[in-house]
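Per-entry structural report
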Amino acid sequence: MNSVTPTLTYLIRCNSDVTSLLSGTAIKAVVAYVSDYITKPGLKTYSVFDVIKSIFDKNSEMIEVV
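Residues numbered from 1 in each chain as written. Predicted model: local features only at pLDDT ≥ 70, side-chain atom pairs only at ≥ 80, totals over all residues. Heavy atoms only, no water.

**Notes on the overall build of the chain**
- For the chain, the helix and strand inventory stands at three helices and zero strands.
- Along the chain, from the amino end to the carboxyl end, the secondary structure elements read α-α-α.
- Every one of the 66 residues in the chain was classed for burial, and the buried ones make up 2%.
- Summed over its atoms, the accessible surface of the chain is roughly 6,400 Å², and 66% of this surface lies on carbon and sulfur atoms. (Helix = DSSP H or I, 4+ residues; strand = E, 2+ residues; numbered from the N terminus. Buried < 20%, exposed > 50% of the residue type's maximum accessible area, 1.4 Å probe, protein only. Areas by Shrake-Rupley, 256 points an atom, 1.4 Å probe, with all protein chains shown as cover.)

**Some words on the pattern of salt bridges**
- With the rule as written, the count across this model stands at one salt bridge.
- For K53, the salt bridge is made with D57, and the minimal N-O distance between the two is 2.8 Å. Highlighted residues: K53 and D57, both in helix α3 (residues 45-58), separated by four residues, approximately one helical turn. (Salt bridge = Lys/Arg side-chain N within 4 Å of Asp/Glu carboxyl O.)

**Structural notes on a nonpolar patch on the surface**
- Together, L21, I27, V30, V31, Y33, V34, Y37 and I38 line one region of the surface with nonpolar side chains, adding up to about 790 Å² of accessible area.
- Here V30 shows up in helix α2 (residues 24-38).
- Exposure remark for V30: the relative accessible area of 36% places this residue in the partly exposed category. (Patch = residues over 30% accessible without salt bridge, like charges linked within 9 Å, V, L, I, M, F, W, Y side chains within 5 Å.)

**Observations regarding the confidence of the model for the chain**
- Per-residue confidence for the chain gives a mean pLDDT of 75; residues scoring 70 or more make up 74%.
- In the model of the chain, helix α1 (residues 6-12) stands out as the element of lowest mean pLDDT, 73, in contrast to α2, which has the highest, 83. (pLDDT = per-residue confidence, 0-100.)

Structure (structure tokens):
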């Protein structure tokens, strides 16, 4: 689909690749991929706050804290 409708792909800004899922192996691969994606662990809270702090530290001169 991407090579057939590059303008449409650009406008909706998504990947529109299509594949056939006729084999059991392909279906198992898709199910494994989706289940791994759904159960992916999120970032730890301390990691999020560390990133926020590092951004503030790097841009402290641009941010005028009163």
